[in-house]
Amino acid sequence: MKGKKNVAARIRLSTQLAFLLLIVLISLNHNLSSYGIQIPLVGSASLHAICPFGGVVSVYQFVTLGSLVQKVHEASLVLMGIVFFLAILAGPAFCGWVCPLGTVEELMGKVGRRIFKKTYNAFVPPVWDKYLRYLRYGVLAWVVYTTAMTMQLVFVEVDPYYALFNFWTGEVSLTAMGILAATLIGSLFIERPFCKYLCPYGALLGLFNKVRVFTIQRNPATCINCKACDRACPMNITVSTADHVRDTQCITCLKCTSEVACPVSETVELMVGRFTAQPADAPSAGPDQSQGSGVEKMRAKSGVQTANREVVK
Amino acid sequence: MKGYIKSPLLGALIVGLFAGGIILSQVLGWWATESRKVARKITTGQFAGKADPADIRGSYSLADVEKNFGVPVKELAKAFGLEQEKAPASIRAKDLEGKFAGLSASTLEIGTDSLRLFVALYVGIPYKAKESTGLPDTAYRVLKEAGKLKPEEEQAILPMLVRVSGGGAAVTALANTSAPAVTTPPAVSVAPGTPSSGGASTSSTAGGTGSNIAAGVSGSDSKSGTVASGSGSGAASVSGTEPLIKGKTTFKEVLAWGVTKAQIEKVLGRPMPPEGTVIKDWCTSQGLEFGTIRDALQKLKP
């Protein structure tokens, strides 16, 4: 079972690293092209040209004037469409599986987790956290408005993603470098700090969680209430109390699911439709519960009282 | 209906969607990571539907300009002294700034905005140039010979004219606003490198060929109030006040205003070079448009 969980985690990590590597190579190639050097089989587009968020900030100008904001090209609109389609299907999977900045934040987070262990990702008091999470909507509104008004790519001045892949070029503003540094340092304490509090694209994609087709669902009938899903969630979502996760912060990383964190099979899944209703104490149809009272054993193992489903402290 | 998506499927779905979407968009001709160099259209007024010269960008080549506005490359090359170039069609608007970088005595800049102004005058579409924009005398002659200039427009651009010689790189004169005559005016030249104040070396010249432009040098930097001219359908205009940052201004001089290094670096978007560096030279070396940096720095003046 653990092997399967590792495979699932590795698949996501591999996908993330593949996209990260691709962006690094494209960025390098773009800068090398001015010296007449080309890395074979890799594009040399500017990062602005292949950023799906560029499509978002250009929409107003595209609709009103038929042109795109400077430095943004049609490819951004195409990528925006792909990401939106993916988001309708499975939520902000772009954030959890593709975004290179998110990947780097996660990698930094692995270091932070080793340093701070259980206190990692729990530094921000919930009272503050609750309100800070609205910040990214403010950023989104500001970026879209100022871009529409100025027809300039204003976000580049503060964009840690652009800074991360261009810091060596001398083209990055000091503000963006500062925000990148704060993001990387912050990732040692908080998982995905930029994604949680400031990312305008994450804010927009997060809204798709309200309408997505495939959602993260918890089967209350088989849930042993061990809260492993809560602890695994990088975005601090309380999965253990939700039947459908519709939280706008979900990034579809699947860390909470029965593939990775949840110890009971077919209990937390990315799915469409509903779990087959099962009595709370009955063994589930999943492979791990096929021999006798699997759920009961799990509950006992995790220190959970079956009768009232309260975690025994 | 019930269906699961597990990690392997989601990973494959994501990669497949991106790869498939990009390939499909390429097939459909929607995928572009570089500018297609299509200027935006004017949406209102009598010029609605026409390409807007204001949208000419630094990356536009002269061929792009011809494609968008119908101004022949040959005319553009002639206007900006590029006839001797091997491939003038491929020269980009932002290259003009570097080409005329020798304009050390002038406060007027020849660059992308000059091209916008020239095109606007050529095609008869209103355009408001920046106060610091200069126009080569060669461009004036092209416009004049092609019969593109209305009297009001001619008056409006006179203060913006810069005399260039020998193909354009060397600048020999700087126009001022002393309302000179349009025809056969006296022209005064300032040798490149001559300090912009304190006695420019003046030497009357015959004024070149064809439609001579008036050019006078006041010995100090050009001043202007607002110069505007209408052509009925709208006209090129230029407004401005005395420029503060000029072709030879150094970062040290900007710092002397009381502006901090951090403020300057915020504008530059990168570390400031040594204080004694000439801003314009630095911009040229960094591939940045001097006009843009200058305008942003100028706003910092307390």
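Before reading further, recall that the structure is shown in the block above.
Rules behind the numbers
- Residues numbered from 1 in each chain as written.
- Chains lettered and ligands numbered in written order.
- Predicted model: local features only at pLDDT ≥ 70, side-chain atom pairs only at ≥ 80, totals over all residues.
- Heavy atoms only, no water.
- Helix = DSSP H or I, 4+ residues; strand = E, 2+ residues; numbered from the N terminus.
- Buried < 20%, exposed > 50% of the residue type's maximum accessible area, 1.4 Å probe, protein only.
- Contact = heavy atoms within 4.5 Å.
- Areas by Shrake-Rupley, 256 points an atom, 1.4 Å probe, with all protein chains shown as cover.
- Phe/Tyr/Trp six-rings, centres within 6.5 Å; stacked < 30°, edge-to-face > 60°.
- Lys NZ or Arg CZ within 6 Å of the ring centre and 35° of its normal.
- Patch = residues over 30% accessible without salt bridge, like charges linked within 9 Å, V, L, I, M, F, W, Y side chains within 5 Å.
- Salt bridge = Lys/Arg side-chain N within 4 Å of Asp/Glu carboxyl O.
- Core = buried A, V, L, I, M, F, W, Y, C linked by side-chain atoms within 4.5 Å.
- Buried area = accessible area lost by both parts, 1.4 Å probe.
- Pairing = 2+ DSSP bridges.
- Expected span 1.5 Å × (residues − 1).
- Arc of directions from axis to C-beta.

(A) Main features of the overall build of chain B. Looking only at helices and strands, one finds eleven helices and nine strands in chain B. Burial analysis of chain B (302 residues in total) assigns 52% to the buried set. Relative to all contacts within chain B whose residues are 6 or more apart in sequence, the contacts with residues 24 or more apart total 60%. By element, 56% of the accessible surface of chain B is carried by carbon and sulfur atoms, the whole surface being about 12,900 Å².

(B) Structural context of the packing of aromatic side chains. All told, the structure shown has 14 aromatic pairs over all chains when counted by the stated rule. Here a set of aromatic residues connected by ring pairs shows up, and it is made of Phe19, Phe53, Phe94, Phe155 and Tyr201 of chain A together with Phe18 of chain B. Across the ring face of Tyr4 of chain B, the terminal group of Lys6 of chain B is positioned such that the distance to the ring centre comes to 5.5 Å. When the ring centre of Tyr122 of chain B is taken as reference, the NZ or CZ atom of Lys148 of chain B above it lies at 4.6 Å.

(C) Local environment of a nonpolar patch on the surface. A cluster of nonpolar residues, Val127, Trp128, Tyr131, Leu132, Tyr134, Leu135 and Leu198 of chain A, forms a patch on the protein surface that exposes about 770 Å² of accessible area. No other element matches helix H6 (residues 126-132) of chain A, which puts four residues into the nonpolar patch.

(D) Structural detail: the environment of Phe208 of chain A. Residues and elements named next belong to chain A. Relative to the helices and strands, Phe208 is located in the loop between helix H11 (200-206) and strand E1 (215-218). Residue classification places Phe208 among the buried residues on the basis of a relative accessible area of 16%. With residues near it in sequence (within four places) discarded, Phe208 still touches Phe84, Ala87 and Ile88.

(E) Broad picture of the nonpolar core. Counting residues in each nonpolar core, the largest one holds 86 residues, and the members touching the most others are Phe53 and Tyr201 of chain A together with Ile14 and Phe18 of chain B. Considering each element in turn, this core owes the most residues, eleven residues, to helix H3 (residues 74-90) of chain A. Beyond its immediate stretch of four places on either side in the chain, Phe53 of chain A contacts Leu140, Val143, Phe155, Pro200 and Tyr201 of chain A. Formed by 41 residues, the second largest nonpolar core is a distinct cluster that contains Ile91, Tyr122, Tyr127 and Leu149 of chain B.

(F) Molecular detail of the interface of chain A and chain B. Contact with chain A, which involves 50 residues of that partner, is made by 32 residues of chain B. Note on chain A versus chain B: buried area summed over both sides is about 3,400 Å², and carbon and sulfur give 68% of it. For the pair chain A and chain B, the number of links is one salt bridge. Among the salt bridges present, the one from Glu269 of chain A reaches Lys6 of chain B, with a minimum N-O distance of 2.9 Å.

(G) Quick peek at the sheet that holds strand E3 (residues 268-272) of chain A. Read across the sheet, four strands follow the order E2(A)-E1(A)-E3(A)-E1(B) without closing on themselves; strand pairing throughout is antiparallel. The open sheet has two free edges, formed respectively by strand E2 (244-245) of chain A together with strand E1 (3-4) of chain B, since each of these has just one partner strand. Relative to E1 of chain B, E3 of chain A runs antiparallel, the two being bridged by two bridges. In the sheet register, Val272 of chain A faces E1 of chain B, and the bridge partner there is Gly3 of chain B.

(H) Inspection of helix H7 (residues 135-150) of chain A at higher detail. Residue and element names in this part refer to chain A. Compared with the 22 Å implied by 1.5 Å per residue over 16 residues, the 22 Å span of H7 between its first and last C-alpha is a close match. When we look at burial in H7, the residues that qualify are Arg136, Val139, Leu140, Val143, Thr146, Thr147 and Ala148. Looking at the buried residues of H7, the elements they touch are helix H2 (52-65), helix H10 (193-197) and H11. Two residues or fewer after H7 comes Met151, characterised by a positive phi angle close to 60°.

(I) Expanded view of the pairing of E1 of chain A. Residues and elements named next belong to chain A. A two-sided burial pattern is seen for E1, the buried positions comprising Thr215 and Gln217 on one face and Ile216 and Arg218 on the other. In terms of strand pairing, E1 meets E2 through two bridges, oriented antiparallel. Its bridge partner lying in E2, Ile216 is registered against Val245.

(J) Seen up close, the pattern of salt bridges. Within the structure shown, the criterion is met by 17 salt bridges over all chains. Arg294 of chain B is the salt-bridge partner of Glu109 of chain B, the closest N and O atoms lying 3.9 Å from each other. Residue Glu109 of chain B is located in the loop between helix H4 (95-99) and helix H5 (112-123), and its partner Arg294 of chain B is located in helix H11 (residues 290-298); the two are separated by 185 residues in the primary sequence. Judged by its relative accessible area of 6%, Glu109 of chain B falls in the buried class. Three or more residues are tied together by salt bridges with common partners; here these are Arg12, Glu106 and Arg192 of chain A.

(K) Summary view of helix H9 (residues 261-268) of chain B. All names here are of chain B. Taken as a whole, H9 has its buried residues at Ile264, Glu265 and Leu268. Along the axis of H9, the buried positions cluster into a sector of 100°, meaning they face one direction only. Along H9, the residues that are exposed and aim more than 90 degrees away from the buried face are Ala262 and Lys266. Gly269 sits one or two positions beyond H9 and adopts a positive phi of about 75°.

In short, shape yes, function no, at least from these values alone.
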